[in-house]
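# Coordinates in review
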Amino acid sequence: MRRRTAAAALAAVALVSTAAAIAPADAVQPVVVRAQQPVPAKYPQVAAKPYMGWSSWSLQSTNYPGVNPDGPGSFISEKNILTQAQALATKLKPYGYEYINVDAGWQDGGDEYGRPVASAQRFPRGMKAVGDDIHKLGLKFGIYTVVGLGIDVYRDGNTPIYDAPGCFTRDIVYPDLRKTNGWDAAYKINYESPCAQKYADSIAKLFASWGVDFIKMDGVGPGSWKGAPDDPNHNNTEDVEAWWRAVQDAGRPMQYTLSWSLSHRYADTWKQNSNGWRIDTDVECYCDTIVRWDGSVKQRWWDLPQWIDDAGPGHWNNLDALNVGVGEMDGINEAERQSYMTFWAINAAPLFAGDDLTKLDAYGLKLLTNREVIAINQSGNPARPLNQDQLQQTWYAENADGSVTVGLFNLAETPATVTGDFAQLGIDGKATVRDIWANQNTHNVSGSVSAALPAHGSKLYKITPNSRPSVSIPADVTATDVSRTTVSLNWRPSTGATSYKVFANGKQVATSTTTSAVVTGLLPQTQYTFSVKGVKGGGTSDASAPVTMFTAKSGGPIRYEAEAANSTLTGNASANGCTLCSGGKKIGDIGYDASVTLNDITVPTTGTYLVKIAYTDGDTSRQSMLTVNDADTYWVNYHGLGDNDWGTPQVTYLPLKLTAGANSIKVSNPSGYIADIDWITV
């Protein structure tokens, strides 16, 4: 295990390789924590769609000349905030951008009740005056806070809590003054005391009295590489629940969002007690530009997939600031800027710019104000990857009108052609393909959509079939498990279907009323081609794109331990203890020049096999290459827990082509550290 550095510490001043918890048959329970009974949202309209606006942090974080002349973060001031608000009102408000969010650095201590006070130097008129001026522009006012009780307002425990007679700060902390949040910069609050809720209420009502429309709470765990099960001090779920109650009762509609890199293990809690959450570390590079492609932007393609199904009205996946408006300052080229905007848009992520809005260049303004792209974002229909086993990826979203939004992305360092197969996308027959960025339509396209893309380049299409059948083709049929006699399949819902028929080698073998099925009665070590049809009444759709693979051989699936004596380790890769791992060990410290190769993986017949990989990952996600027999290479995305838990195994899977006899599978990544590997089964 090697941790990714969290630059966000400055804030205090494939087929889809779907990761799943190891099933009970593999002796580990799912790593999911269920939320308690939630408090309903009093103002659901505030987050009915992904919000759009601007945030100050990107400019505060950069070393770009002239932005922070008086030291790190010095950009933040009443004058600069209102200048950006005026620019947004003039240039972007007509397109739906409306929030002006003031990030870290506005606060200077607390009042007599421990509630935040604005810096007199940076905001001499106070935050209510700033909010009033923002509102006069027809915009909304966002503010920043940090989870926990500020150490500076504890004051030996003698600070009274507003509107809570008999309650003091000593009543809401633990006797040992344990610390919490992403920087250990606050005391952890003990919510067994009724005074604790009163403290959250007092700040939420203060914000409401200032006219705040949006609250960002930072440093929340579990997440940001803290808060694993053996680290309860960084579990802030009780804070989040208390603040959600406080915001609902504050008397004003306010969005409440969480930062900075939340653990997916607690997704149910975040969904029920917030309007959104960051899924990754800061997008900013903390360098002489605002971002860099390799610094953090590209990681979103890998970190997002496990969160896709959690997004929806009232709560959205936050990919962080959108820095595509000022090319010279942004630090990325035009192809990368388009990919950045495209990815945020198709995934229903909040669109909040981080650039200096007074300096938007023509290309940046074109990206930020394309009404078709914005409409895709505001439809709230997140895309998902059709494949992540290569760096050329197709992401798609099926729309209510029968069209499909498709993003083609080349994440490689060299030009490449990327293709989206119509059958895999659930598209039947001919279609009109609209290239949205180019504003061009191509009619009567069949079979696929394809584009030659530069490194880090993209295309965004809306594909509308010429005819709309009563039942559409099931998209994205995927095998998720294989035994000697069974294969598990899942697929995306077919428009109009009330049930599904599953076929193996042309013969119907199963029916299902859901989007999954376990096909039984198969023969060991036998190749099957599976397809699915949607059914409505007496009608059926055409067959889906086929999925072909072998069942396990007799005596299989066979498990191959990463730490086995015949495995080959290079560099610093080494066997480490792991209580929950098979055999009590795993191989860690893999990446750069360190790798592990599992040898003598034997199959009797050449063909495609479903390979499952058990791993541990306390990061947001990590990736590796799988090289089979020093020839074919695949990419694997290991979904992480995000809370620094490197002891709980998970499983991912993907189909690999193996040859008859003994095979080797090398696990490596020449440009980064990967998950720790427990075992592989075939």
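Structure shown above.
Everything in this summary refers to the structure shown in the same document.

### Here we look at the state of the cysteines
- Summed over the entire model, instances satisfying the criterion amount to three disulfides.
- The side chain of Cys167 participates in a disulfide bridge whose partner is Cys195; the two sulfur atoms lie 2.1 Å from each other. Every disulfide takes its handedness from the sign of the S-S torsion; for Cys167 and Cys195 that torsion is -70 degrees, giving left-handed. Of this pair, Cys167 sits in the loop between α4 (151–154) and β8 (179–180) while Cys195 sits in helix α5 (residues 194–209), placing them 28 residues apart in sequence.
- What makes Cys167 buried here is its relative accessible area of 10%.
- Each disulfide pairs two cysteine sulfurs, and for Cys285 the partner residue is Cys287, the sulfurs being separated by 2.0 Å. Its torsion about the S-S bond being -65 degrees, the disulfide of Cys285 and Cys287 is classed as left-handed. This pair shows no difference in class: Cys285 is buried, exactly as Cys287 is.
- The connectivity of the disulfide-linked cysteines in the protein chain, indexed sequentially, is 1-2, 3-4, 5-6.

### Some remarks on the packing of helix α2 (residues 78–91) against helix α3 (residues 127–136)
- Close contact between α2 and α3 brings their axes to 10 Å; oriented N to C, the two are set at 15 degrees. As far as their axial angle goes, α3 and α2 are roughly parallel. The handedness of the crossing between α2 and α3 comes out as right-handed. Taking contact as the criterion, the partners of Glu78, Ile81, Leu82 and Ala85 in α2 are, on α3, Val130, Asp133 and Ile134.
- Each residue belonging to the contact of α2 with α3 can be placed in one class, and the counts come to five nonpolar, no polar and two charged.

### Overview of the nonpolar core
- With 125 residues, the main nonpolar core has Trp106, Phe207 and Trp243 as its most contacted residues.
- Tallying contributions element by element places α5 first for this core, with nine residues.
- Among residues more than four places away in sequence, those in contact with Trp243 are Thr145, Ala200, Ile203, Ala204, Phe207, Ile215, Met217 and Tyr256.
- In terms of nonpolar packing, the next biggest core, distinct from the first, is built from 30 residues, Ile587, Val603, Leu626 and Ile680 among them.

### Some thoughts on the sheet that holds strand β40 (residues 661–668)
- Taken in spatial order, the five strands make up an open sheet running β32-β35-β40-β37-β38, and their pairing is antiparallel. Among the strands making up the open sheet, the edge pair consists of β32 (568–570) and β38 (632–639). Recorded for the sheet is a direction-independent mean angle of 25 degrees between the axes of neighbouring strands.
- Bridge count for strand β35 (residues 595–603) against β40 is six bridges, and the pairing is antiparallel. Residue pairing in the sheet places Thr597 in a bridge with Lys666 of β40.

### Quick notes on the pairing of strand β23 (residues 478–482)
- Along β23, four of the five residues are buried, which leaves the element largely enclosed by surrounding structure.
- Alignment of β23 against strand β24 (residues 487–490), held across four bridges, turns out to be antiparallel. Its bridge partner being in β24, Asp481 is matched across the sheet by Ser488.
- Two successive antiparallel strands, β23 and β24, enclose a turn made up of four residues.

### Let's talk about the pairing of strand β39 (residues 650–658)
- Most of β39 sits inside the fold, with eight of its nine residues counted as buried.
- With nine bridges connecting them, strand β36 (residues 607–616) and β39 associate as antiparallel partners. Considered in β39, the bridge of Ala614 is made with Val651.

### Considerations on the sheet that holds β24
- Read across the sheet, three strands follow the order β23-β24-β27 without closing on themselves; strand pairing throughout is antiparallel. Of all strands in the sheet, those bounded by a partner on one side alone are β23 and β27 (516–519). On average, each strand axis in the sheet is tilted by 20 degrees relative to the strand beside it, whichever way the strands run.

Cut-offs applied
- Residues numbered from 1 in each chain as written.
- Predicted model: local features only at pLDDT ≥ 70, side-chain atom pairs only at ≥ 80, totals over all residues.
- Heavy atoms only, no water.
- Disulfide = S-S within 2.5 Å.
- Helix = DSSP H or I, 4+ residues; strand = E, 2+ residues; numbered from the N terminus.
- Buried < 20%, exposed > 50% of the residue type's maximum accessible area, 1.4 Å probe, protein only.
- Axes fitted to C-alpha atoms, helices over the stretch in contact; angles between N-to-C directions.
- Parallel < 35°, antiparallel > 145°, perpendicular 65-115°, else oblique.
- Left-handed = near helix turned anticlockwise from the far one by under 90°.
- Contact = heavy atoms within 4.5 Å.
- Nonpolar A, V, L, I, M, F, W, Y, C, P; charged D, E, K, R; others polar.
- Core = buried A, V, L, I, M, F, W, Y, C linked by side-chain atoms within 4.5 Å.
- Pairing = 2+ DSSP bridges.

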